[in-house]
Amino acid sequence: EWPETGRLALYLLGLRATCPLPEPGPQRLLVTWLKYYLEEDWAGSRRHGQPLTSYYQYSLGVLALCVHHKRVREEVIHRLLAAEHHGRFRHAGGSAVDTEAVAALAFTCLERERLVGSRLAAELQAARRRVRRRMVEVQDPDGFFGNVYSTPWAMQVFIATNTCRTQPAYGRAMAALLENLDALTTAATMAQALPVLHGRSYLDIASMRCQEEPDTLTPVSAEPPAEMLGNMTVRLLVECPEPWCPQHQLYDRTVSAPAGASLLDVLRVAAMQGPPNFTFVTQDTPQGPFLSRVLGMEARQQQRRYWQLLTAPGTSLQMG
C-alpha cells in the first residue's frame, strides 16, 4: 500500500495545535510512524528519483516532524533541497506553488528550531528565498499564487519569514483570498486559510503555550445554502492528446443539469445518459473527491499522470 505520509503529517499538525494532554505515548508512536513513512516513501521509488507519494506529502512529513521538535536525518533534508534546486517540484511544465510553499515552510521551521547545523541552515535559507522569489514571479493578475487553494500555503511562507508587510504581492493575494472564501468548502482547505486570515502560519504551532490556550472550539450551526431554481446546459468535452489515444476527443456532448450544479454533479448526470456511455471514478481525499478515471483512462501517480480540469477554451479551474 502507499505510505500515508501526507495524511499522517496533517493529523500530527492538527494534534499539536489542539494542545493534547501530556500523555506522550500515543503521540510518540505516531511520530515514529511518520519517520518510518518518510523512509518508505523514498525507498519505494528510488529508481524514479522522487518520493513514492509526492514531494508535497514528503515536505508535509518534514514540516510535521519539525513542529513536534523532532530531528530529521540530513539525507531527508538534502533530498528536498536537491528537488528544489533542480526544479523537480513541478510536473508537466506547470506550477507547483503548494509543494514549493510547504517545502519552504519546512526549511524555515528546521532553521528556526535549530534542528540543523549552521552550514545546512544557510542552504535552507537560500532555498527559501528562491522559493519566495518564484512565488512573486508566478503570481497571476487576479492576485493568486497558483490557484485559490495553493495561495494560503504561499501566504504562510511570507508570514513565517516576516516579509508580508514589505511584499506588495502578499497584499494582492490577501485581497484575492478574501473575495473567494466561498471556494473553501472542505475542512482541509479551511485549515490552510484560517491561520493566514489571522496573520499566522503552521510554524506558530511549534511555539504554542498550551496552558494559555482557551477552549474556543464551539459548534456553529450553518444556514443551508439557498436553492437555485431552473436548469443549465453544459458542454462536456473530454480530450486525450497523447499519441496512444485512438481519438483525441473521447467525449463531446451537452449535459442538462440543475442550475448551480457542481462539476461532480454534471459528471453524474452525464453518466446516467447515453449513448455514448460516460464513466468516471473519484477517490476521496482530505481536499474532497479527486478525479482518478474518466472513460477508462486512469490517472497514475507513479507516472505523474493526472486529469486536468479546464473551462473553455483552456483555462485551468481555480477549484481544481
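Thresholds, definitions, all that
Residues numbered from 1 in each chain as written. Predicted model: local features only at pLDDT ≥ 70, side-chain atom pairs only at ≥ 80, totals over all residues. Heavy atoms only, no water. Helix = DSSP H or I, 4+ residues; strand = E, 2+ residues; numbered from the N terminus. Contact = heavy atoms within 4.5 Å. Areas by Shrake-Rupley, 256 points an atom, 1.4 Å probe, with all protein chains shown as cover. Patch = residues over 30% accessible without salt bridge, like charges linked within 9 Å, V, L, I, M, F, W, Y side chains within 5 Å. Salt bridge = Lys/Arg side-chain N within 4 Å of Asp/Glu carboxyl O. Buried < 20%, exposed > 50% of the residue type's maximum accessible area, 1.4 Å probe, protein only. Core = buried A, V, L, I, M, F, W, Y, C linked by side-chain atoms within 4.5 Å. Lys, Arg positive; Asp, Glu negative; His and termini not counted. UniProt positions renumbered as here; feature names shortened; annotations may be inferred. Pairing = 2+ DSSP bridges. Axes fitted to C-alpha atoms, helices over the stretch in contact; angles between N-to-C directions. Parallel < 35°, antiparallel > 145°, perpendicular 65-115°, else oblique. Left-handed = near helix turned anticlockwise from the far one by under 90°. Nonpolar A, V, L, I, M, F, W, Y, C, P; charged D, E, K, R; others polar.

## Some remarks on the overall build of the chain
Each helix and strand in the chain was counted, giving ten helices and seven strands. A fraction of 60% describes how many contacts in the chain between residues 6 or more apart in sequence connect residues 24 or more apart. Total accessible area on the chain stands at roughly 18600 Å², and carbon and sulfur atoms take up 52% of it.

## Here's the deal with a nonpolar patch on the surface
Residues L178, L181, M190, L194 and L197 make up a contiguous nonpolar surface patch of about 410 Å² in total accessible area. Here the nonpolar patch gets three residues from one element, more than from any other, and that element is helix α9 (residues 187-197). The residue L197 is located in helix α9 in this model. Judged by relative accessible area, L197 falls into the partly exposed class, the value being 32%.

## Considerations on the pattern of salt bridges
Side-chain pairs of opposite charge can arise where the charged atoms are in close proximity. Applying the stated criterion to the full structure yields eleven salt bridges. One salt bridge connects E84 with R130, and the closest N-O pair in it is separated by 2.6 Å. Placement of E84 in helix α4 (residues 74-85) and of R130 in helix α6 (residues 118-138) is noted, with a sequence separation of 46 residues between them. For E84, a relative accessible area of 3% translates into the label buried. Judged by its relative accessible area of 25%, R130 is partly exposed. For the salt bridge of R293 with E298, the shortest nitrogen-to-oxygen distance reads 3.2 Å. On the accessibility criterion, E298 (28% relative accessible area) is partly exposed. The network of salt bridges with shared partners includes E39, R73, E75 and R79.

## Let's talk about the environment of G61
Tracing the backbone through its elements, the reader meets G61 in helix α3 (residues 55-67). A sequence separation of 48 residues divides G61 from L13, and the C-alpha atoms of the two residues are 9.6 Å apart. Other than its neighbours up to four places away in sequence, G61 contacts T5, A9, L34 and L38.

## Things to note about the side chain of T99
Within the element layout of this structure, T99 appears in helix α5 (residues 97-112). In contact with T99, other than residues within four places in its own chain, are Y55, Y56, S59 and F89.

## Brief notes about the nonpolar core
Among the nonpolar cores identified, the biggest contains 71 residues, and L63, L110 and F145 are the most heavily contacted of them. In contact with F145, not counting residues within four places along its chain, are V97, M135, V136, Q139, S150, T151, A154, M155, F158, A169 and A173. If you look at the next biggest cluster of nonpolar residues, it comprises 14 residues, including Y251, V266, L267 and V294.

## So, the side chain of R16
Assignment of secondary structure puts R16 in helix α1 (residues 5-17). Buried charged residue R16 carries no salt bridge. Nearest counter-charge: E113, at 8.5 Å. Once residues within four sequence positions are removed from consideration, R16 is found in contact with V67, H68, H69, I205, A206, M208 and C210.

## With respect to the UniProt feature "binding site: cyanocob(III)alamin" (unreviewed entry) in the chain
In this structure's numbering, the residues bearing the UniProt feature "binding site: cyanocob(III)alamin" (unreviewed entry) are T53, S54, Y55, Y56, Q57, D98, N147, Q192, W307, Q308, L309 and L317. Tracing the chain through its elements places Y56 in helix α3. Not counting chain neighbours up to four residues away, the residues in contact with Y56 comprise D98, T99, V102, W153 and Q192. Its location among the elements puts D98 in helix α5.

## Observations regarding the pairing of strand β4 (residues 288-294)
Where strand β3 (residues 280-285) meets β4, six bridges bridge the pair, whose relative direction is antiparallel. Of the residues in β4, the one forming a bridge with F280 is V294. Looking at chain direction, β4 and strand β5 (residues 297-298) are connected through two bridges and run antiparallel. Following the sheet pairing, V294 is matched in β5 by M297. Here β4 hands over to β5 after two residues, with L295 in that stretch at a positive phi of 50°.

## Section: the packing of α1 against α3
Direction vectors running N to C along α1 and α3 enclose 30°, while the axes themselves pass 8 Å from each other. By the angle between their directions, the pair α1 and α3 is classed as roughly parallel. As for the relative orientation of α1 and α3, their crossing is left-handed in sense. In contact with T5, G6, R7, A9, L10, L12, L13 and R16 of α1, α3 contributes Q57, Y58, L60, G61, L63, A64 and V67. Looking at the contact of α1 with α3, its residues break down into nine nonpolar, four polar and two charged.

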